[in-house]
Amino acid sequence: MPLWVLTNNLTLGQIYWFFQSQNILIRGSIARSFTVLYGDSHRHKTEIDAQRIDKIYRRMKDFRNICAHVERLYCAHPHDSNNTVFQLVKDLRFVIDKKRYLEFLQQFNSLLMHLGEDIPAYVDSVYREMGLDFPCELHE
């Protein structure tokens, strides 16, 4: 079965562990593919190594599991305090194309604006828990 067919049927956790099980040469090759895709989409080059891919997919897997278990997402810090919702948002730019990432950011920004309207007294503490120094950091 071709790998691209197999990955359509794997969960995010299974893809993470599949990547983990690969030898260093294959992991490096996958990372170089992400580097090329990022450069093509974003029009500038950023080196994406296997360790970064590992961290991104671990973070994605952990936050996905939080959502799947209907736990509070905005204040979650799986494994360490640097793992925040906003760090996940920043990570996504390395694994999806620029057009989709910008669309996602617009939707995310819209949700944050509505949050500010709905709970103005608490919105700053929610932003801090998310790892976001709003609004300037989101626009960067």
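What this report covers is the structure whose coordinates are included nearby. Note that the structure is predicted; figures quoted are calculated from it, not measured. Counting of residues starts from 1 at the beginning of each chain's written sequence and follows it residue by residue. Totals for whole chains, interfaces and linings use every residue, but because this is a predicted model, local features are given only for residues with pLDDT of at least 70 and side-chain atom pairs only at 80 or more, for both listing and counting. Note that water and hydrogens are dropped before the side-chain values are worked out from all heavy atoms of the structure.

1. With respect to the nonpolar core
So, step 1. Ile53, Tyr57, Met60, Val89, Val95 and Phe108 are the most contacted members of the largest nonpolar core, which has 30 residues in total.
So, step 2. Every helix listed is a DSSP run of H or I at least four residues long, and every strand listed is a run of E at least two residues long, numbered separately from the N terminus. Elements supplying a minimum of two residues to this core: α2 (12–21), α3 (24–42), α4 (50–68), α5 (85–91), α6 (98–118) and α7 (123–130).
So, step 3. Broken down by element, the residue count for this core peaks at 7 residues, all from α4.
So, step 4. What Met60 contacts, discounting residues up to four positions off in sequence, is Leu12, Leu88, Leu92 and Val95. Buried residues of nine kinds, namely Ala, Val, Leu, Ile, Met, Phe, Trp, Tyr and Cys, make up a nonpolar core once their side-chain atoms join them within 4.5 Å. Residue exposure (1.4 Å probe, protein chains only): buried if accessible area is under 20% of the type maximum, exposed if over 50%, otherwise partly exposed. Contact criterion: two residues are considered in contact whenever any of their non-hydrogen atoms come within 4.5 Å of each other.

2. Quick notes on the pattern of salt bridges
So, step 1. Every case where a carboxyl oxygen of Asp or Glu lies within 4 Å of a side-chain nitrogen of Lys or Arg is listed as a salt bridge. Within this structure, the stated rule accounts for 5 salt bridges.
So, step 2. We note a salt bridge from Arg58 to Asp62, for which the minimum N-O separation is 3.9 Å. One end of the pair is Arg58 and the other is Asp62, both in helix α4 and 4 residues apart, which spans about a single turn.
So, step 3. On the basis of relative accessible area, Asp62 is assigned to the buried category, the value being 9%.
So, step 4. Here Glu103 ties to Lys99 by a salt bridge, and the two come within 3.7 Å at their closest N and O atoms. Separated by 4 residues within a single helix, Glu103 and Lys99 lie in helix α6, roughly one turn from each other.
So, step 5. Owing to a relative accessible area of 59%, Lys99 belongs among the exposed residues under this scheme.
So, step 6. Through salt bridges with shared partners, one network takes in Arg58, Lys61 and Asp62.

3. Quick look at unusual backbone geometry
So, step 1. The phi dihedral of Val70 is positive, around 55°, even though this residue is not glycine.
So, step 2. On the basis of relative accessibility, which here comes to 74%, the residue Val70 falls in the exposed class.
So, step 3. Located in the positive-phi region is His79, a residue other than glycine, with phi close to 75°.
So, step 4. Here His79 shows up in the loop between α4 and α5.
So, step 5. A relative accessible area of 53% means that His79 is categorised as exposed.

4. Some remarks on the packing of aromatic side chains
So, step 1. Here is the rule: rings of Phe, Tyr and Trp (six-membered ring for Trp) pair when centre to centre is within 6.5 Å. Planes less than 30 degrees apart are stacked, more than 60 are edge-to-face, and the remainder are tilted. Tallying each qualifying case throughout the model produces 4 aromatic pairs.
So, step 2. Each ring, one from Tyr16 and one from Trp17, has its centre 4.8 Å from the other, and the planes form 75°; the classification is edge-to-face.
So, step 3. The exposure class assigned to Tyr16 is buried, which follows from its relative accessible area of 6%.
So, step 4. Relative accessible area serves as the criterion here: at 54%, Trp17 is assigned to the exposed category.
So, step 5. Plain terms: the ring middles of Tyr38 and Phe94 are 5.5 Å apart, the flat faces sit at 35° to each other, and that makes the pair tilted. You can see Tyr38 sitting in helix α3 and its partner Phe94 sitting in the loop between α5 and α6, a full 56 residues away along the chain.
So, step 6. Look at NZ for Lys and CZ for Arg. If either is within 6 Å of the ring centre and within 35 degrees of the ring normal, a charge sits over the ring. Here the basic side chain of Arg52 rests over the ring of Phe94, its NZ or CZ set 4.3 Å away from the ring centre.
So, step 7. Looking at Lys61, its charged tip hangs above the ring of Tyr16, at a distance of 5.1 Å from the centre.

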